[in-house]
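# Fold and contact review
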Amino acid sequence: MLAAAGSSGVAALAGCASTDSGGTSSGDTANTATSGSSGQVYDATLTNAYDGNPVDLHFNSSASQNYSWPAGRVVFAPFLKYSFNKDEFLYGALDNLEITDEEVTLTFRDDLMWSNGDEWTTEDLDVQLQLAQKTGSSLFGYVDDFEIVDDKTAKLLLSGPTNPRIIRFELTNYFVDTKAETHEQWLDKGEAEFLQWAWEDPVASGMFRFVNKDRQAFEFERNPEFYKSDNVNFETYLLENTGGGSAQHQALMSGTEVDAATSSFTPPEIAKQFPDHVVEVNIPAKWGYGIVFNHNDPDFGKRAVRQAIAHVINRQDIVDNAGPRTKFTAPIPCGIAPRDQEYWLGDWYDDFETYGVDESQTDKATQLLEEAGYTKQNGKWQDNSGETLGGSYYSPAGWNDWTTMTQTVVSQLNEFGFDFTVTTKPTNDWFSQYSGGNFKMGSFYWLPGGSRSAFPYFPLYYQLWASDIGGGHGYREKAESAQTIPGRDGGEMTLDTPLSTVEEIAKQADDEGARPFVQQAAWHNHIELPFLGLVSKYEQSWTTNDEWTEPGEDDTNRRVKWPQFWWVHEGDLQYDPN
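Residues numbered from 1 in each chain as written. Predicted model: local features only at pLDDT ≥ 70, side-chain atom pairs only at ≥ 80, totals over all residues. Heavy atoms only, no water.

### Some thoughts on the environment of His58
You can see His58 is positioned in the loop between strand S2 (41-50) and helix H2 (69-75). Once the C-alpha coordinates of His58 and Gly533 are considered, the two residues, 475 residues apart in sequence, prove to be 29 Å apart. Within the structure, the side chain of His58 is placed 3.1 Å from the backbone nitrogen of Asn60, a separation counted as a polar contact. (Helix = DSSP H or I, 4+ residues; strand = E, 2+ residues; numbered from the N terminus. Polar contact = N/O pair within 3.5 Å; in protein donor to acceptor, adjacent residues only side chain to side chain.)

Pasting the structure below:
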């Protein structure tokens, strides 16, 4: 969409007619600028639909609860990206990556700069890695230490032989988002204090630099210091708070209100109403709807209660109600992405409890609850003090497909005799409810998402640690303690600790070496159910091609997360007024 020439207000940048003297409406072709580019740079705005109040969000990527990851992808350059189309890793800020049995050599681009004109150096990386170590980044599950070699080169010292794909997948989650002079103040402070810091005015390393935010939108302007600034031929990027899925659908239907939506579940009957120039890009999500339990709760902290819930829920009904076109069930709740389970579990696969993929196994659930001391009175399950088994079941407001799945889950559970009430929360408050441990159970994503979730280490670690909610599910202490659980043969299986078992996965040189640890960790997961994995999906991402370019269906960049950012990085998404 075009910005109103000469306007500075967010509303005008969103495509509304400007009331400023000398302004133009969003439908007029603006003048072009050439600063920082060998070609035309149009005074145009890409408006990307977004769900979340920017006022409540910030740019401290370590504080994931209120970190705006779409805004982060606008201003911070990625280390590395992954193409689902080609099964290839693509360089961003990195210029080269070498992995041996003992170390990883990171070489960064010579032209990597900050938006204020400062040169990026490994002094910045040094602070970034120290803070990552302080906050328990999964990188340090298999990296013992690191060394700075020179201004553009650093080495990660591995704990032992490590599958190179693990390193690459991990690095796809890293961005140039730490500036030494800004972040070094936190090196000598506690982890909790750092994680509460809201970085409001970031220095950019990526395509755009931050201008302003209000309740309506994040506003960014083209960063001429970006190493591929010639790929960016428009001046302004707007993340507009549309207020939920339905509003995003309406904006896309209008054909003029927005140019993109990063991730928006859209039922087929709605997608059919989009104009022809609205383009759908389906990307394997390795993410999906599940349940997070509060393991400190006197009821839902009990394994038997969690297993009973798993038996009651008919996962296929959830998919049928919420969108079989893009969603599919988890065959086994075991912490591994659905399409990867057979490969990794191997000859253990048939020994796992499925908990009933397409049925509600109420008899098994009843037996578990009765053995745990619960009784059913007047159609409701109660504990020995007469308190009903249930409470508020939390779900994010505005996530249409999640609302449908939540209603399906709660209906099934209440029909069996639980007593849950659906409570929807704005996304930020939803996270806060869990991070504060103020809940019994509710909806939450059970896979961390993205290409890295294809390797079991990442989702299995995530479910134990729950870093996105600060460990608010209360399983961390259990994950770091020895556990004995029922074994495959009717006996017992003892783990030194569940966390150490998971960490061994990433330390193996190849898949065959990792598989025994994957099997043990997955077995523990399906018994203990730190999370309950129910559904996974394909992401529905949306762009437009009436005024904007796009890569071809088979292009390497086509299915990289996310088109609205990586395509701009690579020059595949440019403003085209013709």
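### Thoughts on the sheet that holds strand S19 (residues 419-425)
Taken in spatial order, the five strands line up as S19-S18-S20-S14-S23 in an open sheet, and their pairing is mixed. The open sheet is flanked by S19 and strand S23 (531-533), the only strands paired with a single partner. When strand polarity is set aside, the average angle formed by the axes of neighbouring strands in this sheet is 30°. In this sheet, strand S20 (residues 441-445) lies alongside strand S14 (residues 289-293) in antiparallel orientation, the contact comprising five bridges. Looking across to S20, one finds that Gly290 is bridged to Phe444. Lying over the sheet, helix H9 (residues 303-312) contacts S14, S20 and S23, oriented at roughly 160° with respect to S14. (Pairing = 2+ DSSP bridges. Axes fitted to C-alpha atoms, helices over the stretch in contact; angles between N-to-C directions. Contact = heavy atoms within 4.5 Å.)

### Some details on the packing of helix H10 (residues 315-322) against helix H13 (residues 400-416)
Helix-helix packing: each pair is described by the crossing angle between the helix axes and the interaxial distance. The interhelical angle for the contact between H10 and H13, taken along N-to-C directions, is 145°, at an axis separation of 9 Å. H13 is crossed by H10, and the crossing has right-handed handedness. Here H10 contributes Asp317, Ile318, Asn321 and Ala322 to the contact with H13, which in turn contributes Asp401, Thr404, Met405, Thr408, Val409 and Gln412. When the residues that make up the contact of H10 with H13 are grouped by side-chain class, the tally is four nonpolar, four polar and two charged. (Left-handed = near helix turned anticlockwise from the far one by under 90°. Nonpolar A, V, L, I, M, F, W, Y, C, P; charged D, E, K, R; others polar.)

### Things to note about the nonpolar core
Ranked by size, the top nonpolar core spans 101 residues in total, and within it Phe220 and Phe234 carry the most contacts. Setting aside anything within four residues of it in sequence, one finds Phe220 in contact with Phe59, Ala71, Val74, Val75, Phe208, Arg209, Phe210, Val211, Glu235, Thr236, Tyr237 and Leu239. Grouped together as the second largest cluster of nonpolar side chains are 53 residues, Phe300, Leu447, Tyr462 and Leu529 included. (Core = buried A, V, L, I, M, F, W, Y, C linked by side-chain atoms within 4.5 Å. Buried < 20%, exposed > 50% of the residue type's maximum accessible area, 1.4 Å probe, protein only.)

### Some words on empty space enclosed by the protein
One pass over the full model with this rule turns up three cavities of 30 Å³ or more. Considering only enclosed or pocket space, the largest cavity measures out at about 100 Å³ in volume. Lining the largest cavity we find 14 residues, and of these Arg73, Pro78, Phe175, Phe565 and Trp566 sit closest to its centre. Among the elements that take part in the lining of the largest cavity, helix H19 (residues 563-570) stands out by supplying three residues, more than any other. Roughly 40 Å³ of volume is contained in the second largest cavity. (1 Å grid on protein atoms, 1.4 Å probe; cavity = no way out; pocket = protein on both sides within 12 Å on 5 of 7 lines; lining within 4 Å. Points joined across faces, edges and corners; volume = space filled by probe spheres on them.)

### Focus on the packing of H9 against helix H12 (residues 362-371)
The N-to-C vectors of H9 and H12 enclose an angle of 165°; their axes lie 8 Å apart at closest approach. Viewed along their axes, H9 and H12 adopt a mutual orientation that is roughly antiparallel. As H9 packs across H12, the resulting crossing turns out to be left-handed. On the side of H9, the interface is formed by Ala304, Val305, Gln307, Ala308, His311 and Val312, while H12 contributes Lys364, Ala365, Leu368 and Leu369. For the contact of H9 with H12, the per-class residue count stands at seven nonpolar, two polar and one charged. (Parallel < 35°, antiparallel > 145°, perpendicular 65-115°, else oblique.)

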